[in-house]
Amino acid sequence: MSTVPLSTLTTMQVGGPARELITATTREQLIEAALNTWDSNEPWLILGGGSNTIVADNGFDGTVIHVCTQGIERQQDISRSPNHSIVRVAAGMNWDELVAWSISEGLVGIEALSGIPGSTGAAPIQNIGAYGQELSTVLRAVEFLDRYTQEITWIPASELALGYRDSVFKQGKEGVILTVELGLSSYGNNQSAPIAFPQLASALGVELGAQVSLEQVRRSVLALRSSKGMVLNPADPDTASAGSFFMNPIVTENFARNLPEDAPRFPVTPDPQDRVLPLGAEVPDLPSKFSQPRLVKLSAAWLIENAGVHKGYRIPGSNAAISTKHTLAITNQGGATAAEVVGLATYVQAMVQSHFGIILRPEPNLIGVEI
Ligand SMILES: Cc1cc2nc3c(=O)[nH]c(=O)nc-3n(C[C@H](O)[C@H](O)[C@H](O)COP(=O)(O)OP(=O)(O)OC[C@H]3O[C@@H](n4cnc5c(N)ncnc54)[C@H](O)[C@@H]3O)c2cc1C
């Protein structure tokens, strides 16, 4: 048994030890560790920054491979334009260090993803997103070691089924991401991408669609995130979390009509285009996409708050609590166990289900625990 509790490698700070813990600092070590572990047929787990993983109190009865590879390579992509670069990043690189680097290079496309904890290799797993940007818009490909074929291939982003906090990896594709390839442009004047998120635009004091400097975006995003406890800070127990604990549920528009009027809802499927037919013309059959139910995304934070679970709430005697800054984060306020985290998450889920008939789905990867 390893002597290192996984609570020290996860931002929720819960979880017992693994049977074996391998730290891979080079690409070769990472490949070797994965192949040897798979040959042994032991249970295995890939761990990056541990910011989206909740491990059981009794730990993990198998091998944990901790991905700590480092390195960024930049090449100009003259096939597209002199301002376009292909950036290859080792899976273990800290995501936010990559964002800071891209901004220092004047590269555009991930500035609003500042402050998201964790590794670059984990970013495609749930297609990270925040403040109007999403990895999928800049991800070109991943270099992948497949669990079953044991081959290394580059998989283009178009084959990764990237969606809202979703990808082929969340749907069961097993293996290790070794390298992440991004395509980033530069406008040459340190300008950001157009601001696409109302809260960020208002914090910057600009209209949606405006461009400001990359540095300004980073500063504003980090300030907004800090005010919600969404930037890791050892001095602030509200940041000992896995970020948003539940995903925003996607429901049919019909179902959403039964919710209170002030429940926020965001269209997921675009409005069908108006079609003009000459008078007297026969109305053709509508393509099936128009007859499918329209979908809307709801706010999990709103549902939790309006189910009566408020910021700072904790089950009496438990050290797990809803963040005092953000209803969607379950936090470890000091010495919480995984069982306490799960207990609170289950309570939140039950409250939302009984009030609104919606079962919230947890966002983090659950290892040895169930919600
Ligand atoms: C305070 C806070 C704020 C957050 N804010 C956001 C946010 O705004 N937006 C957002 O999308 N997420 C957010 N998150 C969630 C989290 O930071 C991201 O999901 C991040 O990408 C996880 O990276 P990680 O390296 O810590 O992953 P880990 O927790 O180590 O792993 C997550 C999953 O990815 C797998 N994995 C990790 N590395 C690899 C690899 N190289 N190859 C194959 N599989 C791998 C693991 O097995 C596991 O299933 C937040 C988390 C916290 C704690």
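Residues numbered from 1 in each chain as written. Predicted model: local features only at pLDDT ≥ 70, side-chain atom pairs only at ≥ 80, totals over all residues.

*Asks:* So what's going on with the overall build of the protein chain? Residues and values would help.
*Replies:* Of regular secondary structure, the protein chain possesses eight helices and 17 strands. In summary, the protein chain has a C-alpha radius of gyration of 22 Å against a globular reference of 21 Å for 371 residues, a match within 12%. In terms of its C-alpha atoms, the protein chain occupies a principal-axis envelope of roughly 75 × 60 × 45 Å. By residue count, 42% of the 371 residues in the protein chain fall in the buried class. Across the protein chain, contacts joining residues at least 24 apart in sequence account for 65% of those joining residues at least 6 apart. (Helix = DSSP H or I, 4+ residues; strand = E, 2+ residues; numbered from the N terminus. Rg over C-alpha atoms; globule rule 2.2 N^0.38 Å. Buried ≥ 20, exposed ≤ 12 C-beta atoms within 10 Å, placed from the backbone. Contact = placed C-beta atoms within 7 Å.)

*Asks:* Residues and numbers for the site of the ligand, please.
*Replies:* Inspection of the region around the ligand gives 33 residues, with Gly48, Gly49, Gly118, Gly121 and Gly243 positioned closest. Where the shell around the ligand is concerned, the elements lending two or more residues are strand S2 (44–47), strand S7 (129–130) and strand S11 (175–185). Looking at which element gives the most residues to the shell around the ligand, the answer is S2, with three residues. For the shell around the ligand, the residue count by class is 17 nonpolar, 16 polar and no charged. Both domain 1 (6–67) and domain 2 (72–227) contribute no fewer than three residues apiece to the shell around the ligand. (Near = placed C-beta within 6 Å. Nonpolar A, V, L, I, M, F, W, Y, C, P; charged D, E, K, R; others polar. Domains from an automatic or database assignment.)

*Asks:* Break down the sheet that holds strand S4 (residues 60–67) for me, with residues and values.
*Replies:* Taken in spatial order, the three strands line up as S1-S4-S2 in an open sheet, and their pairing is parallel. Each edge of the open sheet is held by one strand with a lone partner, namely strand S1 (18–24) and S2. Across the sheet, the mean angle separating the axes of adjacent strands is 20° when strand polarity is ignored. When S1 meets S4, the two strands line up parallel, connected through six bridges. Each bridged residue has a counterpart across the sheet, and for Thr23 the counterpart in S4 is His66. Along the sheet face, helix H1 (residues 27–40) touches S1, S2 and S4 and points at about 165° away from the line of S4. (Pairing = 2+ DSSP bridges. Axes fitted to C-alpha atoms, helices over the stretch in contact; angles between N-to-C directions.)

*Asks:* Explain unusual backbone geometry residue by residue, including any values.
*Replies:* One non-glycine residue, Tyr131, lies in the positive phi region at around 50°. Turning to its location among the elements, Tyr131 is positioned in the loop between S7 and strand S8 (133–134). Among the residues examined, Tyr131 registers 24 C-beta atoms within 10 Å and is labelled buried. Of note in the backbone geometry, Ala161 takes a positive phi value of approximately 50° without being a glycine.

*Asks:* Any details on the environment of Gln133? Residues and values, ideally.
*Replies:* With respect to the secondary-structure elements, Gln133 resides in strand S8. Judged by the 25 C-beta atoms lying within 10 Å of it, Gln133 is buried. Residues Gln133 and Phe197, 64 residues apart in the sequence, show an inter-C-alpha distance of 8.4 Å. Here Gln133 is in contact with Ile110, Ala112 and Leu113, once residues within four sequence places are set aside.

*Asks:* So what's going on with the domain arrangement of the protein chain? Which residues, and what values?
*Replies:* Segmenting the protein chain into domains produces domain 1 (6–67), domain 2 (72–227) and domain 3 (250–272 + 289–367). The distance between the C-alpha centroids of domain 1 and domain 3 comes to 29 Å. On the side of domain 3, 11 residues touch domain 1, which itself brings 12 residues to the contact. Grouping the amino acids of the side of domain 1 that touches domain 3 by side-chain chemistry returns seven nonpolar, four polar and one charged.

*Asks:* Residues and numbers for the sheet that holds strand S10 (residues 152–156), please.
*Replies:* The five strands are arranged S5-S6-S11-S9-S10 in an open sheet whose pairing can be described as antiparallel. Each end of this open sheet is capped by a strand with a single partner; those strands are strand S5 (72–76) and S10. Across the sheet, the axes of successive neighbouring strands diverge by a mean angle of 20°, strand direction being ignored. Direction of pairing for strand S9 (residues 139–146) relative to S10: antiparallel, over a ladder of five bridges. The residue bridging Leu145 from the neighbouring strand is Ile152, located in S10. Packing against the sheet, H1 makes contact with strand S6 (84–90), S9 and S11, and its axis sits at approximately 140° to S11.

*Asks:* Describe the nonpolar core, listing the residues and the values that go with them.
*Replies:* Residues Ile54, Val55, Ile65, Val67, Ile330 and Val341 are the most contacted members of the largest nonpolar core, which totals 93 residues. When residues in this core are grouped by element, the largest group, eight residues, is from helix H8 (residues 338–356). With residues near it in sequence (within four places) discarded, Val55 still touches Leu6, Thr10, Val14, Gly15, Phe60, Ala338, Ile367 and Gly368. (Core = buried A, V, L, I, M, F, W, Y, C linked by C-beta atoms within 7 Å.)

*Asks:* Can you explain helix H4 (residues 214–227)? Please cite residues and give values.
*Replies:* Along its 14 residues, H4 runs 20 Å from first to last C-alpha, staying within 8% of the 20 Å computed at 1.5 Å per residue. Of the residues making up H4, those classed as buried are Leu214, Val217, Arg218, Ser220, Val221, Leu224 and Arg225. Looking at the buried side of H4, the elements it contacts are helix H2 (95–104) and helix H3 (198–204). At the exit of H4 stands Gly229, carrying a positive phi of roughly 70°. (Expected span 1.5 Å × (residues − 1).)

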